[in-house]
Amino acid sequence: MQIQADSKPYDDINITPMLDLAYVLLVIFIIMTTATVQGQKVNLPKASAAPGLATQTTKAITVANDGKIFLDTVPVTLAELEQRLIQQKALTPEFPVVLRGDAQAQYQSVMDVFDLLSRIGLSQVGLATKPLVK
């Protein structure tokens, strides 16, 4: 083992303390940013327990794998679906409908629901899908 003289410069710089400092600062910045995102604490007022006047008008129609049709979570036939949607349209003329078809469901079952929606005159129809995973 050789001992270097005090007047001789070092050949390399030890960067371990600088990396430790950088990691500590990174952790501090992460903690401070998440703390500021939550906002200031305030004493919020209490709401009444009465149900609100605004009701959810979006209807979800599900076509299951075996061809069964559900309005929200209630199983219905095609005739019952038409009747309930006509009743909803009388209350709210333009309400959105989300059609959720199982990937293994028969195409004809989904098209029957589309035909029903067009006969009733509902134009705000959306299709629910899973996000594409890459």
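1. Quick look at unusual backbone geometry
Positive phi, normally seen in glycine, also occurs at D72, with a value near 60°. Exposure remark for D72: the relative accessible area of 34% places this residue in the partly exposed category.

2. Concerning the pairing of strand 1 (residues 59–63)
Along strand 1, 4 of the 5 residues are buried, which leaves the element largely enclosed by surrounding structure. By the bridge criterion, 5 bridges tie strand 1 to strand 4 (residues 97–101) in an arrangement that is parallel. For I61, the partnering residue across the bridge sits in strand 4 and is L99. By the bridge criterion, 3 bridges tie strand 1 to strand 2 (residues 69–71) in an arrangement that is antiparallel. By the bridge assignment for strand 2, T62 is matched with F70. Linking strand 1 back to strand 2 in an antiparallel pair, the connection comprises 5 residues, with G67 at a positive phi of about 95°.

3. Looking at the sheet that holds strand 3 (residues 74–76)
With respect to topology, 5 strands assemble into an open sheet ordered 3-2-1-4-5, the strand pairing being mixed. Bordering the open sheet on either side are strand 3 and strand 5 (125–127), each of which pairs with just one other strand. Strand-to-strand twist across the sheet, computed as the mean angle between neighbouring axes with direction ignored, equals 30°. Relative to strand 3, helix 2 (residues 78–91) is tilted by about 115°, and along the sheet it contacts strand 1, strand 2 and strand 3. Along the sheet face, helix 3 (residues 107–120) touches strand 1, strand 2, strand 4 and strand 5 and points at about 150° away from the line of strand 1.

4. Overview of the nonpolar core
In a soluble, globular protein the nonpolar side chains are often hidden away together inside. Ranked by size, the top nonpolar core spans 17 residues in total, and within it I61, L81, L85, V113, L117 and L122 carry the most contacts. For this core, the leading source of residues is helix 3, giving 5 residues. The residues touching L81, leaving out its near neighbours within four places in the chain, are I61, I69, L71, V76, V113 and L116.

5. Here we look at helix 2
Between the first and last C-alpha of helix 2 there are 20 Å, a value that for 14 residues agrees with the 20 Å anticipated at 1.5 Å per step. Regarding helix 2, the residues found buried are L81, L85 and Q88. Down the axis of helix 2, the buried set is contained in an arc of 60°. They therefore lie on one face. In helix 2, the exposed positions that point more than 90 degrees away from the buried face belong to A79 and A90. Lining the buried residues of helix 2 we find strand 1, strand 2, strand 3 and helix 3.

Cut-offs applied
- Residues numbered from 1 in each chain as written.
- Predicted model: local features only at pLDDT ≥ 70, side-chain atom pairs only at ≥ 80, totals over all residues.
- Heavy atoms only, no water.
- Buried < 20%, exposed > 50% of the residue type's maximum accessible area, 1.4 Å probe, protein only.
- Helix = DSSP H or I, 4+ residues; strand = E, 2+ residues; numbered from the N terminus.
- Pairing = 2+ DSSP bridges.
- Axes fitted to C-alpha atoms, helices over the stretch in contact; angles between N-to-C directions.
- Contact = heavy atoms within 4.5 Å.
- Core = buried A, V, L, I, M, F, W, Y, C linked by side-chain atoms within 4.5 Å.
- Expected span 1.5 Å × (residues − 1).
- Arc of directions from axis to C-beta.

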